[in-house]
Amino acid sequence: MNMDAARQAFVEEVAELLQSMEDALFALESSPDDTESLNAVFRAMHTIKGTGGVFGYTPIVNFTHEIESVMEEVRSGREPMTEQLVGILFECRDHTGNLVEAIVANDSDENLDLDPELLKAGQQLVDKLIARNTGGTGGASAAPADAQAAAADNDSNQPKYLPVASDAWIIGLDFGPDAFRNGMDPLSFLRYLASLGTIVDVATIPIWPHNHDDFDPESCYLSFRISFRSDADKKTIADVFNFAEDDCNIRILAPESAQEKYLELLQRLPDDHITRIGEMLVEVGALTPQELSRALNSQEVTTDLDTEEDAATKKRRLGEILVEQGSVKPALMEQAVKTQEAARKRLDENRFIRVDAERLGHLINLVGELVTSSAAIRVMVERAGIEDMNEVVDGVDYLVEEIRDNALQLRMVPIGDSLSRFRRVVRDSSKELGKQIDLVITGGETELDKTLIEKITDPLTHLIRNAIDHAIETPEERQRIGKPTTGTVLCNAFHDSGHIVIEIKDDGAGLDADRIRAKAEAKGLVKSEDVLSHEETLRLIFEPGLSTKDTASNLSGRGVGMDVVRRNIEALRGSVELESERGQGTKVTIILPLTLAIIDGFLVGAGQEQYVIPLSQVSECVEVNPTDTSNRNGEHYVNLRGEVLPFIRLTELFRSYNDENKSSRESLVVVRFGHHKLGLVVDTLLGELQTVIKPLGSLFENLQGVAGATILGTGDIALILDVSELATIGQTHRRASSQYDYASPQ
Amino acid sequence: MTTDQPTPSADPLVFDGEMTIYSATANFQRLRERIGKRLPIQIDLSAVTEIDSSGLQLLLYARAEADDNGLDFSLAGLSESVTDVFNLLYLNRTFGISSATQPETSA
C-alpha cells in the first residue's frame, strides 16, 4: 500500500469512527450511563490517536489524547457523563474531523504547519475539557480520593484489581454417589495429580446424607478442594480426571499467572480462530472441552428456545455459567468477550470490500454496452430468421438482464446513513435558534444509487434547514398557538414505481401564500392580474431570488434558495412537489429515479421516430377511438372510461409525421408521474426494452421533455422521454399555444 | 498391636488387610455396632495393607459419627498405606494426628 492509499484508508477510517462516535454521543444524550456508547466514544478517539500516531500526525495524537483521557475517566466511573460534556465532545468530534481534513489536505507528510486558528480552537476545546474537569469534581483535593474509590468499584474487571490469589491451581472435585460402584477411586486421581506437581493443600469435604443412618459405605460422599502447584497446562491437569468425568463435578481454576497467560493468548488469537466464546477459551487452554460441554449442557437445560437474535444474551449467559461453574475467572471471560467482539467487527469489515467508485462506474458502462449489443444480436437473429438461435438469445437476454440488475445493485446503498447525518444538523441548529425540534427518520433502509445520494444531500440539507429555520416556531410561539412545544421534522423515504420518494415534512408555520405572491409581484415574477392556483403560488418559491424570510439567519437565507434545490433535483431527472397548509406545516416531496444509468423502457413508434418511455411510468396502453378525443385550442383531451385525460400527440410535439402511416390507428399510452396522469398518443407499440441512458451532450442539454437517448439493437437512436417535463410542456402549451419548437433530431 | 490407647473399657476396633470398597460394608457394620453400643471409637489401622477412598470415607464417617454421638475418637497404629493417604490429603489434622507422631507407625 503506498502512502496515498494508506492515507486515504486513514481518512475513511476516521470518518467511520467519527460517525460511530457521533451516534454514541446521541445515545449518551438520552442515556449518559450507556457503557456501550461510552466505550464507542473512547474507542473512536483511541483508534484515531493510534492510527494518527502511525502517520506521525502529532496534532491529532495530542488532541485525541486529551479526549481519550477524559473518556477513560468517565468510562471507569470516576467522572459522570454530563450533558455539558456531551456537548463539548460533539465539538471535539468535529474538531478532530477538521484536524484530519486539514492535515491530510496539507498533503506532504512533513508539512504539518497547520492553520494557527485551528490549533487555537483545539486548545480552547482542551481547556474547556480541563476546566470542566476541575470544576466538576469540586476541588482538586477531593478528586484523588474519589478516583481511588471509583477505581476500586469499577475497575474490578481488570486483572490488577482482582484479589490476589495464590499462584496455584484450585481444583474442585465433587464426586457423585456412584463413583465407587463405578470403579472410581478418587485417591488414585489425587495420586496421579501429585505426580504432575505439588499438592499444596487439600480440603476433604464429605457431604454426609442428611440422616446419618442413611449412610451407605459403598456410596461416595466425598468432595475435595485442592490447591495445586504445577507447570502443567490446564488440559494436562484436566486429563487427570478424564475418567471421572461422568461421576464427578470437576472444576479447575487456573492460577493468577496462568490467567495472565490466557489473557495474552486471547488477545493474540488470530481472527480466523475466533469462533464461539467457549471454543476460544478452550483454544487458549483456559477451559477444557469437558467444562465447556458441561456449561453448554446446563445452558440447554435452562434455555430451550434459543433463537438467532438471542445470540448476544446467550453468549453472556454461557459466560455467566462458566464463571459460576468456576471454570474461568471473570477477568478472563471479559477478555474473551472483548476479543470476540473485536474480531467480529474485523470480520464484519472483511465481509465488505471497498471498491473504487470509478471501477463500478466502468462496470456499469460496460454492462450498458452489453445490453445494447445483446439487443443488436436479437435483431440480427430475427433478421436472419435462424429459429435455432432464438432460445440461445433468450438465455443471453435473461443473463444480461440479471447482470444489469446486479451491477446496478452494487451501487445501491440505503439512504438511512445519509439521512441520519441530519440529526446533527437538527440538533445543532435547533440549539442555536433556541427551538425544540425532533427529527424523525423513517424508511432509512430504502436503497438508492450512491451517486444519487451524494447529489441529493445538499438539497436535502437545505430543505431541512429551511424547516428548522423558517417553519418550526419557537417553543413559546408554539405553546401560544396550542402546538406541542417540540416541533417535528419528518424525513421519510420509500420506493414508488421505479422511483424513490423522499418527503421532508414539518409541523411548523406553513407557507404564507399571500406573502409569496406579494414578493413575487415585487420581483416581477408574476403580474398582479395573473390568476394562480394555491399550488402554483407556492411553487413560486422555487423561482430564483425569492426568500420569504426578511432577515437572513445564520442557517439559511444565504442566497442558496429553493431554486437551487429545484435545479439540483431536476438535474437528477427528479421533481419536487410542495404542499403547505398555513399554520399546519409544509411537506416537500422529492421524486427521483432510482438510478441514472439503465432503465426498463417501453419502446413506441411515432412518425418516423422511435421513443422510449420509462416502463415504470407506463400505467396502461389503450387504443384510441378518434370519436373519444376532443381538441380545444390546441389542447387534446380523451375520454378514458369517463375520465378526462389530457394527451399529447408525439408526432405533433416532435413534428415527425409519417405520411404513409397517417391513416393507421393510433395507440394511447397512459403515463403517470406522482399523482398526475397524461396520455401520449403514438403510432405503434413496440414493447419492452432495456434502455441504456446516453446523455444527449451539452448541445441538447436544455431540451425539455427528453431525458436522453439510447441506441437500439438495430443501431437506430431512440429518444428517452421525460414524462414530467412533457406534462409541463403540455400545460404550457395550453397556456401559451405553441411556444416550443421541437425539431426531430436526426 | 499398639498398647498406648487410653481406653480401658473396650478393645480397639481393628480394620486390617484391604480396607477397600469390597470390605466397606463389612467394616461399616462393625463400626455401626460399636456406635450402637456407644463405645469409644478407637480404631486400629496398623494391619491395613491397602486403603482406598471408600476406606478413607469410612474413617471420616466414623470421625463424624463420634463427634455427633459424643464418643471419643482416636486412631491407633497407622499403617504405611494409611499414612500415605493421610499425607496426600493433609488429613492428619482431621484425625487428630500430630505431624510428629505421624511417621511413627507400627507394622
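Reference entry: report on the structure contained in this document. (Residues numbered from 1 in each chain as written. Chains lettered and ligands numbered in written order. Predicted model: local features only at pLDDT ≥ 70, side-chain atom pairs only at ≥ 80, totals over all residues. Heavy atoms only, no water.)

With that settled, the discussion passes to the sheet that holds strand β3 (residues 73-76) of chain B. Sheets are built from strands paired through backbone hydrogen bonds, the pairs being either parallel or antiparallel. Residue and element names in this part refer to chain B. Within the open sheet, the 3 strands sit side by side as β1-β2-β3. Their pairing is parallel. Every interior strand has two partners, whereas the edge strands, β1 (13-19) and β3, have only one. Mean inter-strand twist for the sheet, computed between neighbouring axes without regard to direction, equals 25°. Relative to strand β2 (residues 41-51), β1 is paired through 6 bridges, and the arrangement is parallel. Pairing of E18 across the sheet is with E50, part of β2. (Pairing = 2+ DSSP bridges. Helix = DSSP H or I, 4+ residues; strand = E, 2+ residues; numbered from the N terminus. Axes fitted to C-alpha atoms, helices over the stretch in contact; angles between N-to-C directions.)

Okay, the interface of chain A and chain B next. Counting from both sides, the interface comprises 25 residues of chain A and, opposite them, 23 residues of chain B. Together, the buried faces of chain A and chain B total about 2,000 Å²; carbon and sulfur atoms form 64% of this surface. Inspection of the chain A/chain B interface yields 6 residue pairs in polar contact (both at pLDDT 80 or more). For the side of chain A that touches chain B, the element with the most residues is strand β2 (residues 198-206) of chain A, which contributes 6 residues. Of the residues belonging to the side of chain A that touches chain B, the class tally is 16 nonpolar, 3 polar and 6 charged. (Contact = heavy atoms within 4.5 Å. Buried area = accessible area lost by both parts, 1.4 Å probe. Polar contact = N/O pair within 3.5 Å; in protein donor to acceptor, adjacent residues only side chain to side chain. Nonpolar A, V, L, I, M, F, W, Y, C, P; charged D, E, K, R; others polar.)

Attention now moves to the sheet that holds strand β22 (residues 717-721) of chain A. Residue and element names in this part refer to chain A. One open sheet holds the 5 strands; their spatial order is β20-β12-β13-β22-β21, and the pairing between them is mixed. Each having just a single partner strand, β20 (684-692) and β21 (706-711) make up the two edges of the open sheet. Shown here is a sheet whose adjacent strand axes are inclined to one another by a mean of 35°, direction ignored. Looking at chain direction, strand β12 (residues 598-606) and strand β13 (residues 609-614) are connected through 6 bridges and run antiparallel. Bridging across to β13, G601 finds its partner in P614. Contacting β12, β20 and β21, helix α14 (residues 357-384) runs over the sheet at an angle of about 150° to β20.

Residues and elements named next belong to chain A. The terminal C-alpha atoms of helix α15 (residues 387-410), which comprises 24 residues, lie 36 Å apart, in line with the 34 Å expected from a rise of 1.5 Å per residue. Of the positions making up α15, those classed as buried are V393, D397, V400, R404, A407 and L408. Where α15 is buried, its residues meet α14, β5 (412-414), β12 and β20. (Expected span 1.5 Å × (residues − 1). Buried < 20%, exposed > 50% of the residue type's maximum accessible area, 1.4 Å probe, protein only.)

Here we come to a nonpolar patch on the surface. Together, L370, Y398, L399 and I403 of chain A make up a nonpolar patch on the protein surface, roughly 390 Å² of accessible area in all. Structurally, Y398 of chain A is set in helix α15. (Patch = residues over 30% accessible without salt bridge, like charges linked within 9 Å, V, L, I, M, F, W, Y side chains within 5 Å. Areas by Shrake-Rupley, 256 points an atom, 1.4 Å probe, with all protein chains shown as cover. Salt bridge = Lys/Arg side-chain N within 4 Å of Asp/Glu carboxyl O.)

For R641 of chain A, which is not a glycine, the phi torsion comes out positive at approximately 45°. Here R641 of chain A is to be found in the loop between β16 (635-640) and β17 (643-649). Note on R641 of chain A: relative accessible area 64%, which makes it exposed. The phi torsion at R38 of chain B lies on the positive side, around 55°, for a residue other than glycine. Owing to a relative accessible area of 47%, R38 of chain B belongs among the partly exposed residues under this scheme.

Attention shifts here to the packing of helix α4 (residues 83-105) of chain A against helix α16 (residues 416-433) of chain A. Residue and element names in this part refer to chain A. In contact at an axis separation of 13 Å, α4 and α16 are set at 120° when each is read in the N-to-C sense. When the axis of α4 is compared with that of α16, the two are oblique. Note that α4 runs across α16; the crossing there is left-handed. Residues E83, G87, F90, R93 and D94 of α4 pack against R424, R427 and K431 of α16. Counted by class, the contact of α4 with α16 contains 1 nonpolar, 1 polar and 6 charged residues. (Parallel < 35°, antiparallel > 145°, perpendicular 65-115°, else oblique. Left-handed = near helix turned anticlockwise from the far one by under 90°.)

All names here are of chain A. Structurally, R478 can be placed in helix α18 (residues 475-480). Since its relative accessible area comes to 0%, R478 is described here as buried. Polar contacts involving the side chain of R478 include one to the side chain of D507, which spans 2.9 Å. Non-local contacts of R478, meaning those with residues more than four positions away in its chain, are made with I472, E473, K483, P484, T485, T486, G487, D507 and G508.

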